[in-house]
Amino acid sequence: MAMILVVEDDVFIREMAESMILDWGHEIMSACDVPQALTHLRSSDHIDALFTDVYLKAEIHGGCDVAREAMLLRPGLRVLYTTGNRATDVLHSLFAVGTHFLPKPYTEDQLGMSVKRLLTA
């Protein structure tokens, strides 16, 4: 199965998402902020996908920064963004081309379908 890096600063949401992803047979790496996510991306041999919140504490569009850096370090990396903020055109303009978006709050089924589409894209 896939190795998915989950970047989320809300502990409850991160643990919930990780639990769901593990239940589907995937492996996870966990990060609560931009520096931790970049450490994983620079030091880990195998990451198939990135699931990141757009707005991380202390960094307004931290998830977008992580995704841009991740795609430079790992061309072809699949990216799924999430946020509870309204997805405006301005927000979408921050997303890297070819990435996916899942609005919060999401259900287990919605996350499952999004991860499945992400990994088969």
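Residues numbered from 1 in each chain as written. Predicted model: local features only at pLDDT ≥ 70, side-chain atom pairs only at ≥ 80, totals over all residues. Heavy atoms only, no water.

K.L.:
Just to check I follow, could you spell out the pattern of salt bridges for this structure?
P.N.:
On inspection of all chains with the given rule, the structure shows four salt bridges. Put simply, R42 and E69 hold a salt bridge, and the shortest N to O gap is 3.4 Å. With R42 in helix α2 (residues 34-43) and E69 in helix α3 (residues 62-73), the pair connects residues that are 27 residues apart, well separated along the chain. Since its relative accessible area comes to 54%, R42 is described here as exposed. One salt bridge in this structure joins K104 and D53, with 3.1 Å as the shortest N-O distance. With K104 in the loop between β5 (100-103) and α5 (108-120) and D53 in strand β3 (residues 49-53), the pair connects residues that are 51 residues apart, well separated along the chain. Each member of the pair, K104 as well as D53, carries the same accessibility label: buried. Here the salt bridges share partners, and the residues they tie into one network are E8, D53 and K104. (Salt bridge = Lys/Arg side-chain N within 4 Å of Asp/Glu carboxyl O. Helix = DSSP H or I, 4+ residues; strand = E, 2+ residues; numbered from the N terminus. Buried < 20%, exposed > 50% of the residue type's maximum accessible area, 1.4 Å probe, protein only.)

K.L.:
Quick question: what am I supposed to make of the environment of M29 here?
P.N.:
As for its placement among the helices and strands, M29 is situated in strand β2 (residues 27-31). Along the chain, M29 and I4 lie 25 residues apart, while their C-alpha atoms are 6.2 Å from each other. Apart from residues no more than four positions distant in its own chain, M29 is found in contact with M3, I4, L5, V6, H40, S44, H46 and I47. (Contact = heavy atoms within 4.5 Å.)

K.L.:
Even after reading the chapter, I still don't get the sheet that holds β3, so can you show me in this structure?
P.N.:
The pairing of strands in a sheet comes from backbone hydrogen bonds and takes either a parallel or an antiparallel form. Spatially, the five strands line up as an open sheet ordered β2-β1-β3-β4-β5, and their pairing is parallel. Each edge of the open sheet is held by one strand with a lone partner, namely β2 and β5. Pairs of neighbouring strands in the sheet enclose a mean axial angle of 20°, with direction left out of account. For β3 and strand β4 (residues 78-83), the ladder comprises five bridges, and the chain directions are parallel. The partner of D53 across the bridge, within β4, is T82. (Pairing = 2+ DSSP bridges. Axes fitted to C-alpha atoms, helices over the stretch in contact; angles between N-to-C directions.)

K.L.:
Help me understand the pairing of β2 in this model?
P.N.:
Regular strands place their side chains on alternate faces of the sheet. In this structure, strand β1 (residues 3-7) lies alongside β2, joined through five bridges in parallel fashion. Bridged to I4 within β2 is I28.

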